[in-house]
Every structure is written in structure tokens, then in C-alpha cells.
Amino acid sequence: MGIGREILLKGSHSQWLAAQLTRRRFTRKAVQRFMPGERLEDALIAVEELSGKNISTILTLLGENVTRSEEADTVKHDYLDVLQKVSERDLNADISIKPTQIGIDLDIDTTHERI
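Residues numbered from 1 in each chain as written. Predicted model: local features only at pLDDT ≥ 70, side-chain atom pairs only at ≥ 80, totals over all residues. Heavy atoms only, no water.

(A) Geometry of the pattern of salt bridges. Evaluated as defined, the whole model comprises six salt bridges. Here Arg-68 and Glu-70 are joined by a salt bridge, their closest N and O atoms 3.5 Å apart. A relative accessible area of 46% means that Arg-68 is categorised as partly exposed. Take Glu-70: its relative accessible area is 48%, and that puts it in the partly exposed class. For the salt bridge of Asp-81 with Lys-85, the shortest nitrogen-to-oxygen distance reads 3.4 Å. Taken together, the residues Asp-81 and Lys-85, both in helix 5 (residues 69-88) and four residues apart, mark about one turn of the helix. Linked by salt bridges that have partners in common, Glu-41, Glu-48 and Arg-89 make up one network. (Salt bridge = Lys/Arg side-chain N within 4 Å of Asp/Glu carboxyl O. Buried < 20%, exposed > 50% of the residue type's maximum accessible area, 1.4 Å probe, protein only. Helix = DSSP H or I, 4+ residues; strand = E, 2+ residues; numbered from the N terminus.)

Below you can see the structure in the form of C-alpha cells.
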């Protein structure tokens, strides 16, 4: 593994670094085009604007591997909430679900039931 990759992986697990970066204006400006905010409502507002321009959007929840089945269930319910709100607003959006986020590393059969 290259040293650059190792540094990025270590940094991705740092709560301190995450807190520092989310407070910095330059970081928010750099990612704003791809991540309009930290709340679902922020994303839905951006999707509404893009839908008005006939631009489709893909929504995803940040995060990766879960370590407990309860976490995967929460992610499932969060995605269902996103789908419901997209449908209610008739938005031009899809979702992208990460298999590791809904528990594939824990139990494949239960993961299939969540889908």
C-alpha cells in the first residue's frame, strides 16, 4: 500500500480531522457542488433545483461498513425515508445504496431481506 493511500485511509477514520474539515470554509466550498449540505433537506432543495433544469440526481447516505445489524436496519429506514420524500416532491432522483452500509459484511441473507 502506498504511503499516500495509507495517510488518506487513516485520515478518513479521524474524528478530529472530520470536525476540523467540516468547519473550514474552503472545504465546504470545494464539496458544495457534490454535497450541498449535511442534512437531507439540503440535498432535497438541491435536487429540486436540478430537477427544474431536467437534470437527474443520485442521492446516497454517507458512511460505509456497519458493525451491527441494528445499524444496517437504521440505514435501510433512512433510505426508505429518502425515497418517500423524493416521491412526495416528484423529484428526478435515484438513490445509490452501498452493500457494506446495509450489512453485506455481516450476513448476506439478512442483507437481501433489507433490499
